[in-house]
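# Examining the three-dimensional arrangement
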Amino acid sequence: MYSAITNFYNRRKDKRMKVNITETVLRDANQSLIATRLPYEKFEGALSLLDKAGYYSLECWGGATFDSCLRYLDEDPWERLRKIKKVCKNTKLQMLLRGQNILGYKHYPDDIVREFIKHAADCGMDIIRIFDALNDMRNIQVAMDQTKKSGLHASGAICYTISPIHTLEKNVQTARELRDMGADSICIKDMAGIMSPKEAYDLVKAIKAEVDLPVVVHTHSTTGLGSMTLLKAVEAGADTIDTAISCFSNGTSQTPTESLVYALEQFGYETGVDQKITKEINDYFKPIQDEYLKSGLLDPVVMTTSTEALLYQIPGGMLSNLVAQLKAQKALDKLEDVLAETPRVREDLGYPPLVTPMSQMVGVQATANVLTGERYKNVSKEVVAYLRGEYGRAPGTVNPDLVKKILGDEEPMTGRYADTLEPAFQKAKEELGSIARSDEDVLSYVAFPQVAEKFFKAREEKENRNVKYTIREID
Ligand code: CO
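Residues numbered from 1 in each chain as written. Predicted model: local features only at pLDDT ≥ 70, side-chain atom pairs only at ≥ 80, totals over all residues. Heavy atoms only, no water.

Attention now moves to the packing of aromatic side chains. Taken as a whole and judged by the stated rule, the model has twelve aromatic pairs. With a centroid separation of 5.6 Å and an interplanar angle of 85°, the aromatic rings of tryptophan 61 and phenylalanine 66 are classed as edge-to-face. Judged by centre distance (4.9 Å) and plane angle (50°), the ring pair of tryptophan 78 and phenylalanine 116 falls under tilted. Of the two residues, tryptophan 78 is situated in helix H6 (residues 77-87) and phenylalanine 116 in helix H7 (residues 110-122); the sequence distance between them amounts to 38 residues. As far as burial versus exposure is concerned, tryptophan 78 and phenylalanine 116 are alike and both buried. In this structure an aromatic cluster arises from ring pairing among Trp61, Phe66, Trp78, Tyr105, Phe116 and Phe448. Geometry around tyrosine 72 places arginine 37 over its ring, the cationic atom sitting 3.6 Å from the centre. One cation-aromatic arrangement involves lysine 232 over tyrosine 201; the distance from NZ or CZ to the ring centre is 5.1 Å. (Phe/Tyr/Trp six-rings, centres within 6.5 Å; stacked < 30°, edge-to-face > 60°. Helix = DSSP H or I, 4+ residues; strand = E, 2+ residues; numbered from the N terminus. Buried < 20%, exposed > 50% of the residue type's maximum accessible area, 1.4 Å probe, protein only. Lys NZ or Arg CZ within 6 Å of the ring centre and 35° of its normal.)

Shown next as structure tokens:
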């Protein structure tokens, strides 16, 4: 035993093994802690530091950033990406893409998925991480194909969840399918922070043994397992891990970059990250953290550890949604009943991973089942669409009695939902006419019609104001 351990460390000393670090402060940390409200001008001053810190990549776009730019920050998301690229010339830029949902909450036609990725590539994207909420590979296929055709790195993600059917073998099978589809790396994406160190170790080992691709591990600190889970994942051979600069880390965000780099370097791993520069990056973001704490946008509660997710096997964010829902209906005393009903609804739906939009669907249904006193008396239109097969294939078997009750004689669709959608890009372009100044505007519009329209209007008004102001200056 002793010699095995010394051999392990000696081997590390001979040949320092490389572990890549992806910094998430601009995307996931921003999204998980402050509802994606970080505007470009606030992080602009840190970009050159982020670029020279030695990160493998900067996760800086995708997820909720696109919607948030248009909806709350009055920013053109495409412009943001181009501006980041202008400064960050040495570090790969990375985004998160929700497969056929792109950056929204419903399925888009294939031509939109392809155009979107082409334009992201033109604006400077290097790595696209692609996932589907149900791990239905048909919803990843087109995005993966276009990512490769655009010459970018396609990282295929497995949504990690715990259920009787999500076995180690099933996850390894998903990894094989992603490889066969052309993925350049496999990402284990643990949205809820429920993957334990042991589960991470076993899964990374199993994938590495079967699939000859780099493995990326993404988790959250929510339940307090994050750092342990990443350390064991690296020990099992993970090539890349996601972390967040310390003042924007922990809680619902990622584990702290500096601590992971410090610990890994001691074990003989080479991260390439310069600890003096990460100190400067943290110094830069600290006053911003203070500002968000003061304004209330950063709630200290989200930075603490919440272990309920381990007990109930549901994400922390979903639990707080359930509590809020019940409070609003003055039925908080029913919480235990709803928590008992949640896994039953999930089972009826064929064990979907509890990630957006499935977490909301399951939670709302469980609440309705308890509060009405009759299971599936009220069913949301999203659950009906899900039962029809419009979100893709359920991971497990959907309760046939439920399908019969809701759909009657209607047969659920077995094909790919996006195949039923007409191409939409040209049509939207013609419809918009001169309101859209570029193809990128057209894509923003197709993704979020009302929000984009409001944004275009505000942009126009702002420019008119500036013109008047300039004229007055001349006078
Ligand atoms: Co995440």
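On we go.
Every protein donor of the cobalt ion is accounted for by Asp28 (OD), His218 (NE2) and His220 (NE2), and the metal-donor separations fall at 2.1 Å. Donor residues for the cobalt ion, ordered by position in the chain, follow D-x189-H-x1-H. Of the two residues, aspartate 28 is situated in helix H2 (residues 28-34) and histidine 218 in strand S8 (residues 215-218); the sequence distance between them amounts to 190 residues. Taken as a pair, aspartate 28 and histidine 218 share a single burial class, namely buried. (Donors = N, O, S within 2.8 Å, 3.2 Å for Na, K, Ca; no water.)

Applying the stated criterion across every chain yields a total of 37 salt bridges. Of the charged contacts in the structure, one is a salt bridge between lysine 286 and aspartate 290, with a shortest N-O distance of 3.2 Å. Linking lysine 286 with aspartate 290, this pair stays in helix H13 (residues 275-295), spanning four residues, or about one helical turn. By relative accessible area, lysine 286 is classed as partly exposed at 36%. Assessed through its relative accessible area of 30%, aspartate 290 is described here as partly exposed. Note that aspartate 441 is salt-bridged to arginine 459, the shortest N-O span being 2.7 Å. Of this pair, aspartate 441 sits in helix H21 (residues 439-447) while arginine 459 sits in helix H22 (residues 449-474), and the two are 18 residues apart along the sequence. Residue aspartate 441 is classed as buried on the basis of its relative accessible area of 2%. A residue is classified by how much of its surface remains accessible, and arginine 459, at 15% relative accessible area, is buried. (Salt bridge = Lys/Arg side-chain N within 4 Å of Asp/Glu carboxyl O.)

Counting residues in hydrophobic clusters, the biggest one holds 101 residues, and the most contacted among them are Trp61, Ile207, Phe248 and Phe285. The leading source of residues in this core is H7, at six residues. Each of domain 1 (18-295) and domain 3 (424-474) accounts for three or more of the residues forming this core. Dropping the residues within four chain positions of it, phenylalanine 285 is found in contact with Val25, Leu26, Leu38, Phe43, Ala46, Ile245, Cys247 and Phe248. (Core = buried A, V, L, I, M, F, W, Y, C linked by side-chain atoms within 4.5 Å. Domains from an automatic or database assignment. Contact = heavy atoms within 4.5 Å.)

A few words on unusual backbone geometry. Even without glycine at this site, threonine 36 takes up a positive phi of about 60°. With respect to the element layout, threonine 36 can be found in the loop between H2 and helix H3 (40-43). Accessibility expressed as a relative area gives 5% for threonine 36, which makes it buried.

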